[in-house]
Amino acid sequence: QVQLAESGGGSVQAGGSLTLSCSLSGFTVDRTCIGWFRQGPGKQREGVAATFIVSPGVYTSIYSDSVKGRFTASHDKYTNAANLQMRSLQPEDTAEYSCAAMLKGGMATCTYLSRDFAYWGQGTQVTVSS
């Protein structure tokens, strides 16, 4: 059974950092895509990052303009978790963050704009105060 679960959310002041973790189980990560999404209050869900995992710990990530240069998405082969390191957080980053997995397709389809993510975690709240 494919399962994803986010953790690491919390409250920070503007300029601070948080690292989210998405545990992965029930599938082989080789050639899979992990997406990161967020939904702020009264807003639509938006994709912020996508990581194509070639094999455990070997990956490439892309980012939306809103988080590029501040967020880093990775895969840790030792914990089998996808991580999202967030730096220079701003109030507009306040949202519920979710990870998702796409088990079909290749690198070309692994984008944060894809609507083909089939498996989702339950989300974790990130609140940034000014």
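One can find the structure itself at the top, above this paragraph.
Colleague: Explanation requested: the packing of aromatic side chains in the structure shown.
Modeller: Geometrically, a pair of aromatic rings is defined through the distance of the ring centres and the angle of the planes. Enumeration according to the criterion identifies two aromatic pairs in this entry. For the pair phenylalanine 37 and phenylalanine 117, a centre-to-centre distance of 5.2 Å together with 80 degrees between the ring planes defines the contact as edge-to-face. Taken together, the residues span a long stretch of sequence, with phenylalanine 37 in strand E4 (residues 32–39) and phenylalanine 117 in the loop between strand E9 (95–102) and strand E10 (119–120) at a distance of 80 residues. Phenylalanine 117 sits in the buried class, given a relative accessible area of 6%. Aromatic side chains phenylalanine 37 and tryptophan 120 sit 4.8 Å apart centroid to centroid with 45 degrees between the ring planes, which places their arrangement in the tilted category. Taken as a pair, phenylalanine 37 in strand E4 and tryptophan 120 in strand E10 lie far apart in primary sequence, 83 residues in all. By relative accessible area, which is 5% here, phenylalanine 37 ends up buried.

Colleague: Can you help me understand the pattern of salt bridges in this one?
Modeller: Pairing is possible between side chains of opposite charge, provided their charged atoms come close. Overall, the coordinates contain four salt bridges when judged by the stated rule. As a salt-bridge pair, aspartate 93 and arginine 38 come within 2.8 Å of each other at their nearest N and O atoms. Taken together, the residues span a long stretch of sequence, with aspartate 93 in the loop between strand E8 (81–86) and E9 and arginine 38 in strand E4 at a distance of 55 residues. Summarising the burial analysis for this pair, aspartate 93 and arginine 38 share the class buried. In this structure, the salt-bridge partner of arginine 70 is aspartate 93, at a minimum N-O distance of 2.8 Å. With arginine 70 in the loop between strand E6 (58–63) and strand E7 (71–76) and aspartate 93 in the loop between E8 and E9, the pair connects residues that are 23 residues apart, well separated along the chain. It is possible to trace a salt-bridge network through shared partners that takes in Arg38, Glu46, Arg70 and Asp93.

Thresholds applied
Residues numbered from 1 in each chain as written. Predicted model: local features only at pLDDT ≥ 70, side-chain atom pairs only at ≥ 80, totals over all residues. Heavy atoms only, no water. Phe/Tyr/Trp six-rings, centres within 6.5 Å; stacked < 30°, edge-to-face > 60°. Helix = DSSP H or I, 4+ residues; strand = E, 2+ residues; numbered from the N terminus. Buried < 20%, exposed > 50% of the residue type's maximum accessible area, 1.4 Å probe, protein only. Salt bridge = Lys/Arg side-chain N within 4 Å of Asp/Glu carboxyl O.

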